[in-house]
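Residue strings, one per chain:
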Amino acid sequence: MITLRPASERGHANHGWLDSWHSFSFADYQDPAHVHWGPLRVINEDRVQAGQGFGTHSHRDMEIISYVLEGSLGHKDSMGNAANIVPGEVQRLSAGTGITHSEFNYSSAGTTHFLQIWIIPKFTGTRPGYDQKHFSAEDKRGRLALVVSNDGAEGSVSINQDARMYAGLFNGTESAKLELDSGRLGYVHLIRGELVVNGQRLASGDALKFKDESLVAIEKGLDAEVLVFDLPPLH
C-alpha cells in the first residue's frame, strides 16, 4: 500500500519570524490521521528569518535530525556543543535523559531553510549525544546516499533506532531503487523539485507512505532533492 500525503494538506503555522509546515501532528496542529509513521514522529519544514531563532528549550528521549537547505543554523547545547550547520550537513542530537539547546539564524540578512526531523528512539533513558557530518552534492547525485542509520554504516550519522534515512538529488534520467525488507515501512519526502516515485509524480513537499511494499523506485527528477526513510513498525 502506497499512500500520498500532499504538501498542501500539511499543518501550517506562520509566526512572522518562523514559517513552518508540519507533516505530522505538532504544537497547535493536531491530526489523528498523521501522528507518526513507525518511529518517524516529526518532519517540520522551517524557514527562520534573519536574526531570529528558537531560544533555549529542552528535549528528552528523542532523536532529532537537522537537515539544512539554505542559509545556516547556529546550534548550542547543554553538552557544550556549538556549531553552525550549513547545506550538506546533517546534525543529530540524541536527547536521551535530557538536554537543552538553542537554534538560531545569526545572519543579518537571508532566511535559514531547514528540515527538523524527530525519530522516536528504540531505547529510552540513554546518555545524550551529538554528531554532525557533511554529505556533498556529489555524494547524493543520482543515488540514495545513506546519511542516518542505527550503526553509522557508510559514514552515516548514527541514531538510537533501527531506522535509515537516505538523501538523493535527481534530474533527468537519473534513477535509484531501495529495497524494503518484509514488515518494514517506507516514507518518501520530496524536499524540492519534481520526482516520480513508484509511478506517482510528486511536487515539492509531497510525501508517500509505504506499507507492505518491497521497493521504492525513483526516477524522472526535475531538480529534485528527496529523503527516503526505511523504518521499523512502531507497536
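Residue positions within a chain follow its written sequence, with the count starting from 1. The model is predicted, so local features are restricted to residues of pLDDT at least 70 and side-chain atom pairs to those at 80 or more, both for listing and for counting; the totals for chains, interfaces and linings are taken over all residues. Hydrogen atoms and water are omitted, and side-chain values are computed over all heavy atoms in the structure.

Things to note about the nonpolar core
Buried Ala, Val, Leu, Ile, Met, Phe, Trp, Tyr and Cys residues that are joined via side-chain atoms within 4.5 Å together make up what is termed a nonpolar core. Three exposure classes are used, based on accessible area relative to the maximum for each residue type with a 1.4 Å probe and protein chains only: buried under 20%, partly exposed in between, and exposed over 50%. By size, the foremost hydrophobic cluster in this structure holds 26 residues, and its most contacted members are L40, Y67, I117, M165, Y187, L227 and F229. Mapped by element, the contributors of at least two residues to this core are strand 4 (40-48), strand 6 (63-70), strand 11 (112-119), strand 13 (145-149), strand 15 (164-172), strand 17 (185-197) and strand 20 (215-231). When neighbours within four sequence positions are excluded, F229 is seen to be in contact with L40, I43, I117, R164, M165, L185, G186 and Y187. If you look at the next biggest cluster of nonpolar residues, it comprises 20 residues, including L146, A153, L180 and V197. Numbering of helices and strands runs from the N terminus, with a helix taken as a DSSP run of H or I at least four residues long and a strand as a DSSP run of E at least two residues long. Working rule for contacts: check all heavy atoms of both residues, and any pair within 4.5 Å makes them a contact.

Some remarks on the pattern of salt bridges
The salt bridge criterion pairs a side-chain nitrogen of Lys or Arg with a carboxyl oxygen of Asp or Glu, the two atoms within 4 Å. Evaluation of the coordinates by the stated rule reveals 9 salt bridges. In this structure, R10 and E45 form a salt bridge, with 3.0 Å as the shortest nitrogen-oxygen distance. Taken as a pair, R10 in the loop between strand 1 (2-5) and strand 2 (11-14) and E45 in strand 4 lie far apart in primary sequence, 35 residues in all. We note that R10, like E45, is buried. Taking the shortest distance from any N to any O, the salt bridge between R60 and D61 comes out at 3.7 Å. A residue is classified by how much of its surface remains accessible, and R60, at 52% relative accessible area, is exposed. Residue D61 is classed as partly exposed on the basis of its relative accessible area of 21%. Ionic contacts of the salt-bridge type, sharing partners, join the residues R10, E45 and R47 into one network.

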